[in-house]
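# A closer look at the structure
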Amino acid sequence: MQTIPGKGQSDQHTYAYITLENGLTAILVNDPNAERPAAALAIKVGSYQDPDEHLGLAHLLEHMLFLGTEKYPEADAYQAFIRQHGGTHNAYTSSQVTNYYFDVLPDAYPEALDRFAQFFITPTLDPQYIEREINAVDSEYRAKLDDEQRRSNQAFKTLLNPQHPGSRFTVGNKETLANIKADQLRAKLLELYHGYYTPDNMMLTLTANQPIEILATYARTYFGDIKPNTSQPKKTLPEQFKSTEQGNIQFFKTNTEKNVVKFSFQIPSQTHNHASQPARYLSYVLGDESRNSLFADLKQNHWAQALHAGINQDDGKNALFTVTIKLTDEGITQREKVLERLFITINNLKSAPISQQYLTETKTLSTLNYDFHDYLQPMKLSQILSSRALDAGAHDLLSSFHITQHADESDIKHLLKQLTQDNLTIQWLNPSQFPENWMAKTPSWEIEPLYNGHYANGTIAFQVKTLLKNSQLSSSFGLPEANPFMPENLEVLSQSQQADARPITSDPGFHFWHKQNSKYNKPTGMIFGYFGFLENPTTKDRLLLQLWAKLFNDAASESTYQPYMAGLGYQLYAHGNGLTLRTSGYNDKQDDFFYSLVEMLLDFRASSERLAIAKQDILKGLNNLESQPPYALARHYFSQVAIQGNAPTRELRELVTQITIEDINQFIQQHSQHFEFAGYMTGNFKEKAATHLSQRIMSVVKSCLYDHPYRHVELKSFEAQQHYLYQFNTRSADSVVLYSLIATDNNNATYLERCYIRILAQLLGAQFYNEFRTEKQYGYIVAVTNQTIEKTPALGFLIQSPNTSTKVLVEEIERFIDERKWGDKDISDTAFEQARQAVLAAYQKQPTNLKEQALEEWPHIVEPEQNFADRQHWIDALQSMKKEEFLAYMRVKVENNQAARLLITNQWDDTSGWKPITIN
């Protein structure tokens, strides 16, 4: 066993690794705060290893491993065990990695590991489930047919070298997988499994609040029987793109209103440059948003709304360095100037000496982020470590997560040399407007068959050298200045005995709270500010409030970018009572940062140019709503329907177009001078600092203060035994059903009654998933969801299906509900107790970082009830719960039909017996 060096300054974990006799390397992590132990196993195999005649085979294999092993042959045995013991599980298949992971309650960890390990020892790959899982993979593919990113990515692949595996289809569907008999396909699955699912091609991670020695024993005991075959030799990958002198360009017709252009340059792979990360130098400058940056100039000219620069599609040989720009409508018309500014910035970066300032800032920020990173839940940590270790190795695993040495100037210059036209591929995404003068020939439109994407490929018509020669921009254009917000004082205060937040200022209309909290051993904090002013708001008021927040965030982005890069973030968001401002990050300079934002907010007024862009953006969002996945829309419309005061999309569209600059600035003027303020400062702050900030804020807001009546979320009244129906439109042909049972107790359910719904979801989840997803194959999206809002318990049954009608889905859900019986013998004592313990564990789980704890405390500071014991009330209710009382509640609400039923769907013909419900 060897210790893994290089952990972060505030990291309390212990890391080690062992190599088993079969060649499997196991990363062992002792996490003293782990409440649910976890495991992950990553394999160096993915869609790149699919045979040409069976694309999606690696993805199908991932699905099949969940459906039985020789030791545990039942198809639902693993999923049921994990869920019954308070855990979660999942897996993913990427281009070159497949990763399986789970977490579970501590007592079940050894048995869960045994069940999990059997995936990699003796999976049955039962032929009777192959056809079903092909249907599941096909449903997963069809669920994303309207996903804009999936569609444009598949079209982009037509530009790639056809000999490169990245140019192929990755997900799989019936056409690529059901083209031979199940037993023949099983042979292909076994070939892939035996060729790559070998110990030398795997990385295991075990994370738990247990000694490293115990975890090592678990690794040997449960994973030592994986057969030590040698994996298939790695094939040399060809170039992703075939180089052309002019560069490549693609026009892609989006189904949504989108103005995006991507400039991608092929560069050498960066997977093994963990220590110095030379590409970070490029993204640090080209992605900057502060004064004198490329984006700041584009935004000031009203040509761009967002810009991002970074690496993607790294295959181990080559990668893409991509600059993505979200253009405004005006930016489309001024695209030549956008193009000029991008390449002048790149040219200036190439021409300037390598900046020690940029190198120092990137290394410092990387180290700070690593030393004081937020706690990762064991399952997430296990997943990340197992995949990263495949490339970085076990010994260098931790140091691979941050820059440990300055990049060599020669490495940076080599990367900069790749940012040339002959190495460039442009993708322009828009529904109808395309820069045809950028393409050397008249666009020839084609249809990508998998996602029905319309695209035109060609070579670039313009000459970058000519752009540079004719430009009048300065040689310093686009090169940002030094960051003055780099934290200097990183001292962590000694732990305070202060258990709860307490008020340090309490005046009419003004309340400020503080809690010193250094228990997470980080020099960080959070500051909150609540501005309450909305009373009986109209739909227009709510829209104006959202515009206020949106426009302020837009205006503040340039001045807040450098603080953000230095670890000081902020959010301003609208809610039912007004606005909330919050900052987070290193406590050094944070009070000054928060105060400056308060001053900016109160002084802010909108400009007509930025209002026009914001209105365009909101309208595009409303118009694009129908392109969202149907299951996501069903969840969205559930809350829209259940909560009073929302407005339908058509009304919002009309209102947005009518709002004037006078409307928004009059609204801001009125409410920035009349509000209630509540503040909270928590983390690595002494009370003296909180008192000082409170006084500073009071000095600028005292003339604005009044006691604002707090407004809770208002829900609609639902009647028992009533059936309600809401239908929505979607561009997808899939049927989706969200069928919810809603309590009708006037939003006044007790903690115990709300706990019953969580227990019910826990009890039914695995049964519903196995029957509707695994056995009947109704769709890929199948779930039982807790739909509770405020104090109104609600339970939802969700299915999205590409092949089954809404009518059948509703009938099947109702049958499933009606077949459940709630007598003492219908639910075993063991099943009930497992469900109760799983839900109880979720509430007993303590915050793992300052942000989690602060966000839990903040609502109780703002709300008049100040119910700081909320978590404990849930725990008390669950601990006192009795099975017979739970069953009695279910007999009344479910068996005797004393709940309302709300159906949210996109396809429903027979509305008899259903009462239409509207958004209002």
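Here the structure is shown first, and the text comes after it.
Attention here is on the structure that accompanies the text. Owing to the predicted nature of the structure, the values given are computational and were not obtained by experimental measurement. (Residues numbered from 1 in each chain as written. Predicted model: local features only at pLDDT ≥ 70, side-chain atom pairs only at ≥ 80, totals over all residues. Heavy atoms only, no water.)

## So, the side chain of Q800
Within the secondary structure layout, Q800 lies in strand β24 (residues 794–801). We classify Q800 as buried; its relative accessible area is 2%. Within the structure, Q800 has its side chain in polar contact with the side chain of D734 (distance 3.0 Å). (Helix = DSSP H or I, 4+ residues; strand = E, 2+ residues; numbered from the N terminus. Buried < 20%, exposed > 50% of the residue type's maximum accessible area, 1.4 Å probe, protein only. Polar contact = N/O pair within 3.5 Å; in protein donor to acceptor, adjacent residues only side chain to side chain.)

## Remarks on the sheet that holds strand β23 (residues 781–786)
Taken together, the 6 strands give an open sheet; going across it, the order is β23-β24-β22-β25-β21-β26, and neighbouring strands pair in mixed fashion. Edge positions in the open sheet fall to β23 and β26 (915–916), since each of these has one partner strand only. Relative to β26, strand β21 (residues 723–727) runs parallel, the two being bridged by 2 bridges. Note that in β26 the partner of Y724 across the bridge is K915. Its contacts with the sheet put helix α20 (residues 630–642) on β21, β22 (735–742), β23, β24 and β25 (900–905), and the angle it makes with β22 is roughly 35°. In the packing of helix α25 (residues 806–819) onto the sheet, the strands contacted are β21, β22, β24 and β25, and the crossing angle to β22 comes to about 30°. (Pairing = 2+ DSSP bridges. Contact = heavy atoms within 4.5 Å. Axes fitted to C-alpha atoms, helices over the stretch in contact; angles between N-to-C directions.)

## Here's the deal with the packing of helix α4 (residues 127–143) against helix α7 (residues 182–196)
The contact between α4 and α7 brings their axes to 9 Å, and the two run at 90°. In terms of orientation, α4 and α7 fall into the roughly perpendicular class. Counting all contacts with α4, which are made through P127, I130 and I134, the residues of α7 involved are A182, L185, R186 and L189. Considering only residue class, the contact of α4 with α7 consists of 6 nonpolar, no polar and 1 charged. (Parallel < 35°, antiparallel > 145°, perpendicular 65-115°, else oblique. Nonpolar A, V, L, I, M, F, W, Y, C, P; charged D, E, K, R; others polar.)

## Things to note about the packing of aromatic side chains
Per the stated rule, a full pass over the model turns up 63 aromatic pairs. Arranged with centres 6.5 Å apart and planes meeting at 20°, the rings of F120 and Y197 form a pair that is stacked. Separated by 77 residues along the polypeptide, F120 in the loop between α3 (109–117) and α4 and Y197 in the loop between α7 and β7 (202–208) bring together distant segments of the chain. Plain terms: the ring middles of W513 and F868 are 5.8 Å apart, the flat faces sit at 45° to each other, and that makes the pair tilted. One end of the pair, W513, is in strand β16 (residues 510–516); the other, F868, is in the loop between α27 (850–862) and α28 (870–880), and 355 residues separate them in sequence. (Phe/Tyr/Trp six-rings, centres within 6.5 Å; stacked < 30°, edge-to-face > 60°.)

## Considerations on the pairing of strand β14 (residues 453–459)
As paired strands, strand β8 (residues 248–253) and β14 are joined by 6 bridges and run antiparallel to one another. Residue pairing in the sheet places Q250 in a bridge with N457 of β14.

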